[in-house]
Amino acid sequence: MVHAVNTTPSLFSASDPRQPSEAAARSLPVAYPERAAWGTVPKLRAWQSEALELYRSTAPKDFLAVATPGAGKTTFALQVAAGLLSEGTVRRVTVVAPTEHLKTQWADAAARVGISLDPNFSNAQGAHGSHYQGVAVTYAQIGMHPALHRARTEAERTLVILDEIHHAGDSRTWGDGVREAFDPATRRLALTGTPFRSDDSEIPFVTYEEDGEGFARSKADYTYGYGEALRDHVVRPVLFMTYSGRMHWRTKTGDEVSAQLGALETKDITQQAWRTALDPAGEWIQSVLSAADRRLTEVRRHVPDAGGLVIATDQKAARAYAATLREICGEDPTVVLSDDAGAGARIEEFSASTDRWMVAVRMVSEGVDVPRLAVGVYATSTSTPMFFAQAVGRFVRSRTRGETASVFLPTVPILMAHAAELEAERDHVLDRRPKTGDPETGLDESLIEQANRPEQTSDQLEMSFEALESEASFDRVLFDGGEYGAGGMIGSEDEQEFLGIPGLLDADQMRTVLQQQQAQQQERRQKSGPAPAQTPGVVDHRRLMELRKELSTLVSAWSKKSGSPHGSVHNTLRSRSGGPAVAQASAEQIQARIDIVRGWFVGRR
C-alpha cells in the first residue's frame, strides 16, 4: 500500500461555529495547524494520515479499520472523534472496549486530545454527567442493557467507536446487544488489530462480500498489516526463540507415554506433550523461563527499562511461574489474574516501573499497552491464530528504532505456523454453503453425532493426564520468515550465543547477526567432527520395563507421602543422579533413582 502524507490544512470542515474548548484545541495534534501551531503533539504516522484522509473524503456511516497491534489505532480513532466533534457532525462519543481496564486507557488517551470520556459509567446511572462528552463502556455492559444504550444513542448525534470489534461476536447476547444499541448511531467506527474470529458468528456492522464459492468475507475499509508496519518501523521485529525436548506423562489407563515436543505426532499426543512442557513442576518450563530471563538481561544492557511477560493458561500456573521467576532473578514478578479487581492498577504500575517480569493469564493478551515489554514467554496452550497474534502484539510496539522483541515458544507445529504467518492478512470468513444432510431425513448427521457425543467434565479431563517429566533443549530461532540455528543443549554455547544477541538491532542488522551465529555454529560442529562410534551392549528390555514400573510406583508413593508433585519428584531425582528423562534412561540410571527414593523412605535424605 502506498502511504499518502496528509498536507491538507484541516482534516475536517471548520465552518461550523461549534468548536472544542480552548484547552482542548491546544491539545489537538498538528492535523489542526491553526489550533496547534506550536506543534506540541507529535505528527501522525503516514498510515494514520492516509486513513484519516480516506475517512474525511468518504464520510461513511460505518468504517472498519484493521491495523496491526501497536500501530496506533487509538490515535487514529480519536482523531476521527475530535474532527467530528469539532465540525458538529456528532455531539457525543461512546467507546466500547473488551475489558474494564481498557475503558480507563481509552479515557486517558481521549483526555490528551481534549475529549472527556467517563470510564466509570454504569448501566445503573442511566446518563453520564454533563461535563463529559461521552462514555467508555464494555461489550458486557451493552449486552446487559442494550435498550438503555440505544436510548442514549438516540438522544444525541453519536459516534460509536467499537474497539476490537470481533468481541461483539463472543456471544449472541453481545452481538444482538451491539446491533440494538447502536443501530441509530450517526457514525460507527470499528477497529481491530488481529485476525478475525475463527467461527461463523457474524460481527455487527461489518460488511461481508460473497466470494462465489459459498463463503462470505469481511471487507475492511482500511488495512495496515504487520508487514507494512515493520517496513515503516512502526512496530518491532519479532525474534521467536523455540524450545523442544522430551516429554513423559501418564494416561488415565496408567500407560506411560513419551514423545518429542514438536515431532510429527497425532493431535492428542502433541497436545499432551505440550501440556507436559507447561507443567510448572517440570524442567522444560523452568529451563525456558531461565533462558528468557537471560535474554531479558541482555536486552536491558541496551534498553534499561525493558520488561518481560509470561502468558499463562490459568491462575494456578501463573502463580507457580511467578515463584520460579522469583528464584531465577531474585525479584518478585507482578502477577495479574483475570478475576482480580486490582489487575488494571497493577498493569499500569508495572508499565510505569522498571521491574523485570509480569506474569498473567489471558487478560493481557489484547489491548493492554505496556510499551516497554520486550521479552515474552508463550506459556499457554491456547492455539487460535487470533489469540496468538494478540499475544505477540503485546511486544511489538516500537518506541526507539532498533528495539526488537523476543518471544519464547514451545516447538509445537501450530505455533510455528502462526509465527511464520505473522505478516499474513486475514479476513473473517463465514461459511454460507448449504449444509448437506441425510438424504431421507434431511438432517445433518455430523451435528447429530456431535450433539450425542458425551462431554467430559473438567475433573475427567484432569484425571486423564498426569505430567511426569519434561526436559528442554534449544531448537531454533524464527525471524522474518527464516530459520536459524540447529538446536543445542540447555546452557550450551549454541543456545547462549543466540540468547546473547544485542537488544538494539534493526531488522537488517538482526538478520546479519543471525546468519553469522548460524555459520559459527555449523563451523564448530564441523571442527568437532562426528562422535566416535560405540558398540552398544544388548539391552534387556524386560528388565528395563520392570525398573521403570518400580520407579513409577515408588515415585507415586513418595509424591503422596510428601505432598510434592509427581513431576517435581522426578526432577529432583534427575538432578541428584544425572542422566536423561526416564524414557531415555538406562537400567543403571533408573536403578540409581530407585535407590535414592528407597533411601527417602527409610530416612536417608
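1. Quick word on the overall build of the chain
Alright, step 1. Within the chain, the secondary structure is distributed over 21 helices and 22 strands.
Alright, step 2. Relative to its full complement of 605 residues, the chain shows a buried share of 49%.
Alright, step 3. Partitioning the intrachain contacts of the chain with sequence separation of at least 6 by distance along the chain shows that 74% fall at a separation of at least 24.
Alright, step 4. As displayed, the chain has an accessible area near 27,800 Å², and 50% of this comes from carbon and sulfur atoms.

2. Comments concerning the packing of helix H20 (residues 566-577) against helix H21 (residues 587-601)
Alright, step 1. One way to put it is that H20 packs onto H21 with a least axis distance of 10 Å and a crossing angle of 115 degrees. Taken together, the axis directions place H20 and H21 in an arrangement best described as roughly perpendicular. For the pair H20 and H21, the sense of crossing is right-handed. Only Arg593, Ile596, Val597 and Trp600 of H21 make contact with H20, whose side of the interface consists of Val569, Thr572, Leu573, Arg574, Arg576 and Ser577.
Alright, step 2. Within the contact of H20 with H21, the residues separate by chemical class into 5 nonpolar, 2 polar and 3 charged.

3. Observations regarding the packing of aromatic side chains
Alright, step 1. According to the stated counting rule, one finds 12 aromatic pairs in the structure shown.
Alright, step 2. Measuring from centroid to centroid gives 5.9 Å for Trp47 and Phe76, while their planes differ by 45 degrees, and the two rings are tilted. With Trp47 in helix H2 (residues 46-58) and Phe76 in helix H3 (residues 73-87), this residue pair connects regions lying 29 residues apart in the sequence. A single burial state applies to Trp47 and to Phe76, both of which are buried.
Alright, step 3. Consider the rings of Tyr55 and Phe63, whose centres lie 5.3 Å apart with planes at 75 degrees: the pair is edge-to-face.
Alright, step 4. The rings of Trp47, Tyr55, Phe63, Phe76, Tyr222 and Tyr224 are connected pair by pair, giving a single aromatic cluster.
Alright, step 5. Sitting over the ring of Phe121, Arg152 keeps its end group 5.1 Å from the ring centre.

4. Considering the pattern of salt bridges
Alright, step 1. Under the criterion given, the structure shown has 19 salt bridges.
Alright, step 2. Residue Arg150 is joined to Glu154 by a salt bridge in which the shortest nitrogen-to-oxygen separation is 3.3 Å. With Arg150 and Glu154 both in helix H6 (residues 146-155), this residue pair falls 4 residues apart, about one helical turn.
Alright, step 3. Between Arg236 and Glu403 there is a salt bridge, and its shortest N-O distance comes to 2.8 Å. Of this pair, Arg236 sits in the loop between helix H8 (226-231) and strand E10 (238-244) while Glu403 sits in the loop between helix H13 (385-393) and strand E17 (405-410), and the two are 167 residues apart along the sequence. With respect to burial, Arg236 and Glu403 carry one shared label: buried.

5. Quick look at the sheet that holds strand E1 (residues 62-67)
Alright, step 1. The strand order E3-E4-E2-E5-E6-E1-E9 describes an open sheet built from 7 strands, whose pairing is parallel. Since the sheet does not close on itself, it has two edges, and those belong to strand E3 (117-118) and strand E9 (222-224), each with one partner.
Alright, step 2. The pairing of E3 with strand E4 (residues 134-138) spans 2 bridges and is classified as parallel. In the sheet register, Asp118 faces E4, and the bridge partner there is Val135.

6. What about unusual backbone geometry?
Comment: phi is negative for the bulk of residues other than glycine, and the bulk of peptide bonds are trans.
Alright, step 1. Positive phi values are uncommon outside glycine, yet Ala59 reaches one of about 45 degrees.
Alright, step 2. Considering the arrangement of structural elements, one finds Ala59 in the loop between H2 and E1.
Alright, step 3. Backbone geometry places Glu164, a non-glycine residue, at a positive phi of 50 degrees.
Alright, step 4. Locating Glu164 in the fold gives a position in the loop between strand E5 (158-162) and helix H7 (172-182).

7. Observations regarding the environment of Gln286
Alright, step 1. Position of Gln286 relative to the elements: it lies in helix H10 (residues 283-302).
Alright, step 2. On the basis of relative accessible area, Gln286 is assigned to the partly exposed category, the value being 33%.
Alright, step 3. With 186 residues separating them in the primary sequence, Gln286 and Ala472 have C-alpha atoms 8.8 Å apart.
Alright, step 4. Apart from the residues within four sequence positions on either side, Gln286 is in contact with Pro280, Ala281, Thr324 and Ile328.

8. Observations regarding the nonpolar core
Alright, step 1. If you look at the biggest cluster of nonpolar residues, it comprises 119 residues, and the most contacted ones within it are Phe76, Trp284, Tyr321 and Phe408.
Alright, step 2. Once residues within four sequence positions are removed from consideration, Trp284 is found in contact with Tyr243, Ser244, Met247, Leu261, Ala277, Leu278, Leu409, Pro410, Ser470, Glu471 and Ala472.
Alright, step 3. Counting residues in hydrophobic clusters, the runner-up holds 20 residues, among them Leu64, Val178, Ile203 and Val206.

9. Remarks on H13
Alright, step 1. Most of H13 is tucked away: 8 of the 9 residues are buried.
Alright, step 2. Those residues of H13 lying buried are Met386, Phe387, Phe388, Ala389, Gln390, Ala391, Val392 and Gly393.
Alright, step 3. Where H13 is buried, its residues contact E10, strand E13 (307-312), strand E16 (373-379), E17 and helix H14 (413-420).
Alright, step 4. With a side-chain oxygen positioned 3.2 Å from the backbone nitrogen of Phe387, the residue opening H13 is Thr384.

10. Topic: helix H12 (residues 343-352)
Alright, step 1. Every buried residue of H12 is accounted for by Ala343, Gly344, Ile347 and Phe350. All buried residues of H12 lie within an arc of 125 degrees about the axis, which places them on one face of the element. Among the exposed residues of H12, those pointing more than 90 degrees away from its buried face are Ala345, Glu349 and Ala352.
Alright, step 2. Contacts from the buried residues of H12 go to helix H4 (100-111), E13, strand E14 (334-336), strand E15 (357-360) and E16.

11. Digging into the packing of H6 against H7
Alright, step 1. Across the interface, H6 lies against H7 with an axial gap of 7 Å and an inter-helix angle of 25 degrees. Between H6 and H7, the interaxial angle falls into the category roughly parallel. For the crossing formed where H6 meets H7, the hand is right-handed. Residues Pro146, Ala147, His149, Arg150 and Thr153 of H6 lie in contact with H7, whose contacting residues are Gly177, Glu180, Ala181 and Phe182.
Alright, step 2. Grouping the constituent residues of the contact of H6 with H7 by class yields 4 nonpolar, 3 polar and 2 charged.

About the cut-offs
Residues numbered from 1 in each chain as written. Predicted model: local features only at pLDDT ≥ 70, side-chain atom pairs only at ≥ 80, totals over all residues. Heavy atoms only, no water. Helix = DSSP H or I, 4+ residues; strand = E, 2+ residues; numbered from the N terminus. Buried < 20%, exposed > 50% of the residue type's maximum accessible area, 1.4 Å probe, protein only. Contact = heavy atoms within 4.5 Å. Areas by Shrake-Rupley, 256 points an atom, 1.4 Å probe, with all protein chains shown as cover. Axes fitted to C-alpha atoms, helices over the stretch in contact; angles between N-to-C directions. Parallel < 35°, antiparallel > 145°, perpendicular 65-115°, else oblique. Left-handed = near helix turned anticlockwise from the far one by under 90°. Nonpolar A, V, L, I, M, F, W, Y, C, P; charged D, E, K, R; others polar. Phe/Tyr/Trp six-rings, centres within 6.5 Å; stacked < 30°, edge-to-face > 60°. Lys NZ or Arg CZ within 6 Å of the ring centre and 35° of its normal. Salt bridge = Lys/Arg side-chain N within 4 Å of Asp/Glu carboxyl O. Pairing = 2+ DSSP bridges. Core = buried A, V, L, I, M, F, W, Y, C linked by side-chain atoms within 4.5 Å. Polar contact = N/O pair within 3.5 Å; in protein donor to acceptor, adjacent residues only side chain to side chain. Arc of directions from axis to C-beta.

Honestly, that's just the spatial picture; any functional story needs more than this.
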